Amino acid sequence: MNTLIAAFDMSALAAQGADWGVRILLALVTLVVGWKVAGWFGIIVGKQLDKKGVDATVKPFVCTLVSTLIKVGVAVSAVETVGIQATSFAAIFAAMGLAVGMALSGTLQNFAGGVMLLIFRPFKVGDVIETQGYTGCVKEIQIFQTIMLTPDNKMIHLPNGKVSNDSMVNYSTMPERRVDFSFGIGYGDDIDQAREVLKSVIAEHSAIITDQDGREPFIVVGELADSSVNFTVRVWVEAADYWAVNFSMIENVKKAFDKAGISIPFPQQDVHMHQVS
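Notes on the structure in this doc start here. (Residues numbered from 1 in each chain as written. Predicted model: local features only at pLDDT ≥ 70, side-chain atom pairs only at ≥ 80, totals over all residues. Heavy atoms only, no water.)

1. Examining the pattern of salt bridges
Rule in force here: For salt bridges, the criterion is a side-chain nitrogen of Lys or Arg within 4 Å of an Asp or Glu carboxyl oxygen. The classification of residues rests on relative accessible area computed with a 1.4 Å probe and restricted to protein chains. Under 20% of the type maximum is buried, over 50% is exposed, and intermediate values are partly exposed. The way it works is that DSSP assigns letters per residue, a run of H or I at least four long becomes a helix, a run of E at least two long becomes a strand, and they are numbered from the N terminus.
For the structure shown, the criterion picks out eight salt bridges. Residue Lys154 is joined to Asp152 by a salt bridge in which the shortest nitrogen-to-oxygen separation is 3.6 Å. Looking at Asp152, the relative accessible area reads 49%, which means it is partly exposed. Put simply, Lys199 and Glu196 hold a salt bridge, and the shortest N to O gap is 3.9 Å. Here Lys199 pairs with Glu196, and both are found in helix H6 (residues 191–204), just three residues apart, close to one helical turn. A relative accessible area of 42% means that Lys199 is categorised as partly exposed.

Encoded structure:
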């Protein structure tokens with residue numbers, strides 16, 4: 001009798017083990033297939049957004065969000081496939097809610113920051129911005145982070161929460177920018193001659209705007225410094241030409257001053273030696 005009971009128990013245990021094995025296998029298949037489907041669906045959504053001409057700023061965010069939601073649904077489905085009802089975890093999830101919320105507070109803040117960035121649009125993909133101590137071109141706005149490429153080709157990943165809550169400078173919003181210079185001449189040089197030289201250098205530069213109201217070049221004596229008379233020069237350029245004009249103007253003014261015989265003072269120190277007998 002005991003032998004029959006033991007045999008029955010072993011048979012029931014084997015059947016139950018086989019049943020659980022099948023369920024676990026189906027759950028794994030569900031996860032693998034579901035993960036691939038989520039990735040494919042994200043790609044399909046991205047292509048549809050491209051066809052509809054949706055802004056490149058919104059596309060990565062939406063694709064990642066859709067893919068993530070599908071993966072969450074796949075995970076829940078896999079759990080139920082094993083035989084565990086997802087509703088049975090409700091009490092556990094409620095008890096863990098506070099701890100999980102505190103642990104993911106930074107992540108949730110970054111998600112909310114990403115949503116705010118897409119709503120208020122302080123910048124878009126392709127803009128050059130300065131934030132969090134970095135300056136670069138925005139390559140992508142994802143769910144939790146913004147990716148920037150610096151001028152020296154470094155990829156910077158910035159949390160959306162900090163980007164949305166901190167100050168930020170967008171250098172690409174306005175089509176034109178002003179370039180400011182300070183050029184010094186010696187006290188013995190002719191101020192009017194120096195001003196004419198500066199005007200000619202500006203007039204010869206094709207990238208400087210000179211024919212728009214409110215955008216005329218600005219040239220004044222801005223300071224009588226310790227060893228030089230400093231000119232304040234301000235010119236307007238297209239945003240894309242900012243750095244090219246900045247560097248070329250410095251070189252052109254130096255060459256023009258040399259050609260006109262105008263000196264550019266530099267700090268120097270006189271040392272007087274006294275011989276003690």
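So that's the structure; there's more coming.
2. Notes on unusual backbone geometry
Backbone geometry at Arg121 places phi at a positive 50°, although glycine is not the residue there. Structurally, Arg121 can be placed in the loop between helix H4 (105–120) and strand S1 (128–131). Note on Arg121: relative accessible area 34%, which makes it partly exposed. The phi torsion at Asn153 lies on the positive side, around 70°, for a residue other than glycine.

3. Some points on the nonpolar core
It is characteristic of soluble globular proteins that their nonpolar side chains tend to be buried jointly. To keep it simple, the criterion reads: By nonpolar core is meant a set of buried Ala, Val, Leu, Ile, Met, Phe, Trp, Tyr and Cys residues that side-chain atoms within 4.5 Å join together. By the convention used here, residues are in contact when the closest approach between their heavy atoms is within 4.5 Å.
Among the nonpolar cores identified, the biggest contains 23 residues, and Leu198, Val233, Val235, Met249 and Phe257 are the most heavily contacted of them. At the level of secondary structure, the elements contributing two or more residues to this core comprise strand S6 (176–185), H6, strand S9 (229–238) and helix H7 (242–260). With six residues, the top contributor of residues to this core is H7. Contact partners of Phe257, with chain neighbours within four places excluded, come to Phe183, Gly184, Ile185, Ala194, Val197, Leu198, Ile262 and Ile264.

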